Amino acid sequence: MSFRFALVGNPNSGKTSLFNEITGNTQYVGNWPGVTVEKKEGRAKKIKDDVKIIDLPGIYSLSPYTLEEIIARDYLVDEKPDVVINIIDATNIERNLYLTTQLVELGLPVVIALNMMDEVEAAEDKIDIDALAKSLGIPIIPTIATKGRGVNELMQKSLQIAQTAAVGSTTGKSLDIFNKGIGKYISETESALAAHLQDIPFNPRWVALKLLEGDLKIIDRLNLPGKLLQEIGQRRDMLEEEYGSDAETIIADTRYDFISGIVKKTIERKRSQGALSTSDKIDKVVTNRLLAIPLFLAVMFVVFKITFGALGSFTIDWVDVLINETIAGTISGWLEAAGATEWLYALIIDGILAGLSSILVFVPQIMILFLFLAFLEDSGYMARAAFIMDRLFKRLGLSGKSFIPMLMGFGCSVPAIMATRTLENEKDRRLTIILTPFMSCGAKLPIYALFAGAFFANNQSLVVFSVYLLGIVIAILSGIILRKTVLKGEPAPFLMELPPYRIPTGKGLLIHMWDRGKAFIKKAGTVIFAAAVFIWFFQTFDFSLKMVEDPANSILGVIGRGIAPIFSPLGFGDWKSAVAIFTGLLAKEAVVTTMGILHGLGEVTESSTSLIGAMQTYFTPLKAYAFMAFTLLYMPCIAAFGVIKREMNSWKWTWFAVGFQTAVAWLVAFVIYQVGSLLGF
Amino acid sequence: MNKAKMPLGFLQSGCEGTVKEMHGGNNMCRRLAGLGITCGSRVRVISNNAGGPLILSVKESRLALGRGMALKIMVEEG
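What counts and how
- Residues numbered from 1 in each chain as written.
- Chains lettered and ligands numbered in written order.
- Predicted model: local features only at pLDDT ≥ 70, side-chain atom pairs only at ≥ 80, totals over all residues.
- Helix = DSSP H or I, 4+ residues; strand = E, 2+ residues; numbered from the N terminus.
- Rg over C-alpha atoms; globule rule 2.2 N^0.38 Å.
- Buried ≥ 20, exposed ≤ 12 C-beta atoms within 10 Å, placed from the backbone.
- Contact = placed C-beta atoms within 7 Å.
- Nonpolar A, V, L, I, M, F, W, Y, C, P; charged D, E, K, R; others polar.
- Pairing = 2+ DSSP bridges.
- Axes fitted to C-alpha atoms, helices over the stretch in contact; angles between N-to-C directions.
- Expected span 1.5 Å × (residues − 1).
- Parallel < 35°, antiparallel > 145°, perpendicular 65-115°, else oblique.
- Left-handed = near helix turned anticlockwise from the far one by under 90°.
- pLDDT = per-residue confidence, 0-100.
- Domains from an automatic or database assignment.

Q: Just to check I follow, could you spell out the overall build of chain A for this structure?
A: When helices and strands are tallied, chain A shows 31 helices and 10 strands. Relative to the 2.2 N^0.38 estimate, which gives 26 Å for 681 residues, the radius of gyration of chain A is 29 Å and therefore close to what a compact globule would have. Its C-alpha atoms give chain A principal-axis dimensions of about 90 × 55 × 55 Å. Here chain A holds 681 residues, and the buried ones make up 46% of them.

Q: Quick question: what am I supposed to make of the interface of chain A and chain B here?
A: Interfaces are often sized by the accessible area lost when the parts come together. On the side of chain B, 34 residues touch chain A, which itself brings 33 residues to the contact. For the side of chain A that touches chain B, the secondary-structure elements that each account for two or more residues are α3 (93–104), α11 (247–266), α12 (278–286), α17 (381–395) and β10 (495–498) of chain A. If you tally residues by element for the side of chain A that touches chain B, the top one is α11 of chain A, at five residues. Residues that form the side of chain A that touches chain B fall into these classes: 11 nonpolar, 10 polar and 12 charged. Here β10 of chain A runs beside strand β5 (residues 61–65) of chain B; their pairing, made up of four bridges, is antiparallel. Looking at the pairing, Met 496 of chain A lines up with Ala 64 of chain B of β5 of chain B.

Q: Explanation requested: the sheet that holds strand β2 (residues 16–22) of chain B in the structure shown.
A: The strands that make up a sheet are held in pairs by hydrogen bonds between backbone atoms, and each pair lies either parallel or antiparallel. Here we have seven strands laid out as an open sheet, ordered β10(A)-β5(B)-β4(B)-β3(B)-β2(B)-β6(B)-β1(B), and antiparallel in their pairing. Two strands close off the open sheet at either side, each with one partner strand: β10 of chain A together with β1 (5–7) of chain B. Ignoring strand direction, the axes of neighbouring strands in this sheet form an average angle of 40°. By the bridge criterion, five bridges tie strand β4 (residues 54–58) of chain B to β5 of chain B in an arrangement that is antiparallel. Bridge pairing in β5 of chain B places Leu 54 of chain B opposite Leu 65 of chain B. Strands β3 (42–48), β4 and β5 of chain B of the sheet are contacted by α12 of chain A, whose axis makes an angle of about 35° with β3 of chain B.

Q: Sorry if this is basic, but what is going on with the pairing of strand β4 (residues 50–55) of chain A here?
A: Looking down a regular strand, the side chains alternate between one sheet face and the other. Residue and element names in this part refer to chain A. The sheet contact formed by strand β1 (residues 2–9) and β4 spans six bridges and is parallel. When the sheet's bridge partners are listed, Ser 2 is paired in β4 with Asp 50. Pairing geometry for strand β3 (residues 40–43) and β4, over four bridges, is antiparallel. Within β4, the residue paired with Glu 41 across the bridge is Ile 54. Hairpin connection between β3 and β4: a loop of six residues separates the two successive antiparallel strands, and Lys 46 in this loop has a positive phi of roughly 60°.

Q: What is the right way to read α11 of chain A from this model?
A: Each full turn of the α-helix corresponds to 3.6 residues, which orients residues three or four apart in the same direction. For α11 of chain A, built from 20 residues, the straight-helix expectation of 28 Å at 1.5 Å per residue is met to within 8% by its first-to-last C-alpha distance of 29 Å. Restricting attention to buried positions, one finds in α11 of chain A the residues Ala 247, Thr 249, Ile 250, Ile 251, Ala 252, Arg 255, Tyr 256, Phe 258 and Ile 259 of chain A. Against the buried residues of α11 of chain A lie α3, α7 (180–196), α8 (204–213) and α10 (226–243) of chain A together with α1 (26–34) of chain B.

Q: Explain unusual backbone geometry to me, please; I cannot follow it from the model alone.
A: Most of the time, phi is negative for any residue but glycine, and the peptide bond is trans. Phi angles above zero are rare outside glycine, and Met 116 of chain A is one such case at about 65°. Among the secondary structure elements, Met 116 of chain A is positioned in the loop between β6 (110–115) and α4 (117–122). The phi dihedral of Lys 59 of chain B is positive, around 50°, even though this residue is not glycine. With respect to the helices and strands, Lys 59 of chain B occurs in the loop between β4 and β5.

Q: Which parts of the structure should I look at to understand the environment of Val 83 of chain A?
A: Residue and element names in this part refer to chain A. Along the polypeptide, Val 83 turns up in strand β5 (residues 83–89). The exposure class of Val 83 is buried, given the 23 C-beta atoms found within 10 Å. For the pair formed by Val 83 and Asn 459, sequence separation is 376 residues and the distance between their alpha carbons is 58 Å. Apart from residues no more than four positions distant in its own chain, Val 83 is found in contact with Phe 5, Pro 109, Val 111, Ser 158, Ile 161 and Ala 162.

Q: Looking at this structure, I do not really get the packing of helix α14 (residues 310–338) of chain A against helix α15 (residues 342–360) of chain A. What am I missing?
A: Packed helices, taken two at a time, are described by the angle their axes make and the gap between the axes. Residue and element names in this part refer to chain A. Orientation of α14 relative to α15, taken along the N-to-C sense of each, is 165°, at an axis distance of 10 Å. In terms of orientation, α14 and α15 fall into the roughly antiparallel class. α15 is crossed by α14, and the crossing has right-handed handedness. Taking contact as the criterion, the partners of Val 319, Ile 323, Asn 324, Ala 328, Ile 331, Ser 332 and Leu 335 in α14 are, on α15, Tyr 345, Ile 348, Ile 349, Leu 353, Ser 357 and Leu 360. Among the residues forming the contact of α14 with α15, the class breakdown is 10 nonpolar, three polar and no charged.

Q: Whenever I open this one, the packing of helix α23 (residues 506–525) of chain A against helix α24 (residues 527–540) of chain A confuses me. Can you help?
A: Residue and element names in this part refer to chain A. Axis separation between α23 and α24 bottoms out at 3 Å; the angle between their running directions is 30°. Between α23 and α24, the angle falls in the class roughly parallel. Between α23, through Lys 523, Ala 524 and Gly 525, and α24, the contact on the second element is made entirely by Val 527, Ile 528 and Phe 529. When the residues that make up the contact of α23 with α24 are grouped by side-chain class, the tally is four nonpolar, one polar and one charged.

Q: Explain helix α1 (residues 15–23) of chain A here, please?
A: Residues and elements named next belong to chain A. Here α1 lies mainly inside the structure; eight of its nine residues are buried. Residues Lys 15, Ser 17, Leu 18, Phe 19, Asn 20, Glu 21, Ile 22 and Thr 23 constitute the buried set of α1. In the stretch just after α1, Gly 24 is the one whose phi turns positive, near 80°.

Q: What is the right way to look at the confidence of the model for chain B in this model?
A: Detailed reading of predicted coordinates is not advised where the pLDDT is low. On average, chain B scores 89 in pLDDT, and the residues at 70 or more come to 97%. Scored by ipTM, the complex comes to 0.93, with pTM at 0.81.

Q: Explanation requested: the domain arrangement of chain A in the structure shown.
A: Residue and element names in this part refer to chain A. Taken domain by domain, chain A holds domain 1 (2–166), domain 2 (180–255) and domain 3 (295–492 + 506–678). Computed over C-alpha atoms only, the centres of domain 1 and domain 2 are separated by 28 Å. On the domain 2 side, the residues contacting the seven residues of domain 1 number eight residues. A class-by-class count of the residues in the side of domain 1 that touches domain 2 yields four nonpolar, two polar and one charged.

Q: Can you walk me through the pairing of β3 of chain B in this structure?
A: Residues and elements named next belong to chain B. The buried count for β3 comes to six of seven residues, which makes it a mostly enclosed element. Note: β2 against β3, three bridges, orientation antiparallel. Bridge pairing in β3 links Gly 17 to Val 43. Following β3, the chain reverses through five residues before pairing antiparallel with β4; Gly 51 in that reversal takes a positive phi of roughly 90°.

Q: What am I meant to see in the environment of Leu 224 of chain A here?
A: All names here are of chain A. If you trace the backbone, Leu 224 turns up in the loop between α9 (216–222) and α10. For Leu 224, a count of 19 C-beta atoms within 10 Å gives the class partly exposed. When the C-alpha positions of Leu 224 and Lys 147 are compared, they lie 49 Å apart, and in sequence the two are 77 residues distant. Discounting residues that sit within four places of it in the chain, Leu 224 has contacts with Ile 219 and Leu 229.

Q: What should I look at first to understand the confidence of the model for chain A in this one?
A: Residue and element names in this part refer to chain A. Per-residue confidence for chain A gives a mean pLDDT of 85; residues scoring 70 or more make up 94%. Throughout residues 26–37 the model reports pLDDT below 50, and contacts reaching past four residues in sequence, or to other chains, amount to 14 contacts. Every residue in residues 602–607 scores below 50 in pLDDT, and together they form 13 contacts with partners more than four places removed in sequence or on other chains.

Spelled out as structure tokens, the structure:
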């Protein structure tokens, strides 16, 4: 038989680990298309039956007020999975059960995976699992997802429940959360509802509860008659009168009362609540008012120092020799032996190899940077960075929470823009989407590495660090301007969970690094490869498809000369730079690829050193810096553009975003070049 | 003895209290409820630096809470 199990739980409860453990992570994991991505689907391994696992976004409750909650709730009520696997962080049962009490009301069979049991054992806490399961009326399987423990038992139990449910036995007992007083209001609403609507597509008791709470999404969907709504409204007023608060608060408080009653009877914590943990002690230092920002800058500087210092240079030289001497030498030998024609030889050596090597030399450096980012994220420091930045961001009209998507932007803008879904407020989201591409992504790193290596050999890491900082500063200034003009309003209040510090595991770091880094290698083999062929072709032939002597007369040369004057005031008005900026819209790495092909023309087995030499005739250090600033800030690549369109859900905002970014890029580069020239650089 | 209520934002680092009133509107209350803060919740202030957000210990987790919100939550110290 085939079944669908949905994974639901709080953020950071170990859902992804469990998902990978169940599906084996070798299975195809696809993002669903459409507006509401972020649900992942996989197939359970080690099970005979056909079981699809749906990983829903991490949520704290089922109220429909953030995008993630809406995605999760809509999936559960509309698709009705056969089993809901509720993952609970065993070190924080009370808070996690708040979601559980809501899941149960949907009327779907629920199984609890009580995760992170190793940490409970380490803290010497005691949980009476049987008693807990009995009080909740839900089967509980203890698990340690990171080590794969309990996963088989969990799947067996879920399967058993799915099979029982499939033959029609009753499922979804409702919990006895509400006392007689509130329970009466819920039952009355339920009967009133039943009198008006014969066929409700959801669990009637849940709908009654939602209506009593005044859940607008449900009211909209059910299209209830005005008279019924009025009747329910009266009932809500009576409830609020009787308990002296608003319905939602009453219901939330009641849930927690119910939970704390159960927790008191079944859990014994050794450490008292609120006692200072190691994490708290680290936070005392890391979030200290005076130390926090210097410490953050120092951490980032060390990361860049290592990435762009001796270690980074070493990897570049190594890959350079590998490709441009060993591989290019071998291939040119073959081509000569096979008697290849001149144009084929030129295409392969000057086009494809020169283009690819200009990118591939930077892959190890990108990996080093991603390894550091993975370390900072997995350890829990990145969440603190958001906390630290809130003080600063608040004055700029953004919540510190916006800093998290922006930090992810150092990796790649595409997932970073998708991460803006965690922001509650529409204007905050739009603003953060516009600002995120200012955070320099991994694909732009080769550009800085190339230019900094060529023009700032003695201060490479400092110069690259300054470019990254420039991105942050420009984002902040743009934030202020946009908040005062097109996106007026207050940011949503800052509220987020700070995960405890953990020492990242080597395996986790490598997976995290590889997960991000592989995209660049894949791109080198696809988009960049195609771009290299494309660029080589159009700079070799003119409009009448004849091979040209001087590439300036080629198709690209003519186009480049056409748009180059736009960049003259910025210091790089030559056609090769114009073409590089243009091809950079495909993928930012293509900027370097284009430079590699256009400047390295006709010299077989040349190394990057001669590319640097060729560039030094076009650029000065000042022009190079202006060029880096422009490529840092201008319109992001086509993939990011697509995500901006999807997340903005509006062409107007999409064009505004990329238009704004490009205008800012031009202005900043203009100021750098003109002021720099005046100062005599 | 009837203890005085005060905004959570006034509670010093290391102090504990019980939430008595929440004045932030429905949306804020909903989000706080999801993270474990409702009327009657015990909170402990881990860090409270002037001008910035607070770090709280609520149930078994640590929350970062903006100062604006912290001023709208009334607690009873102790």
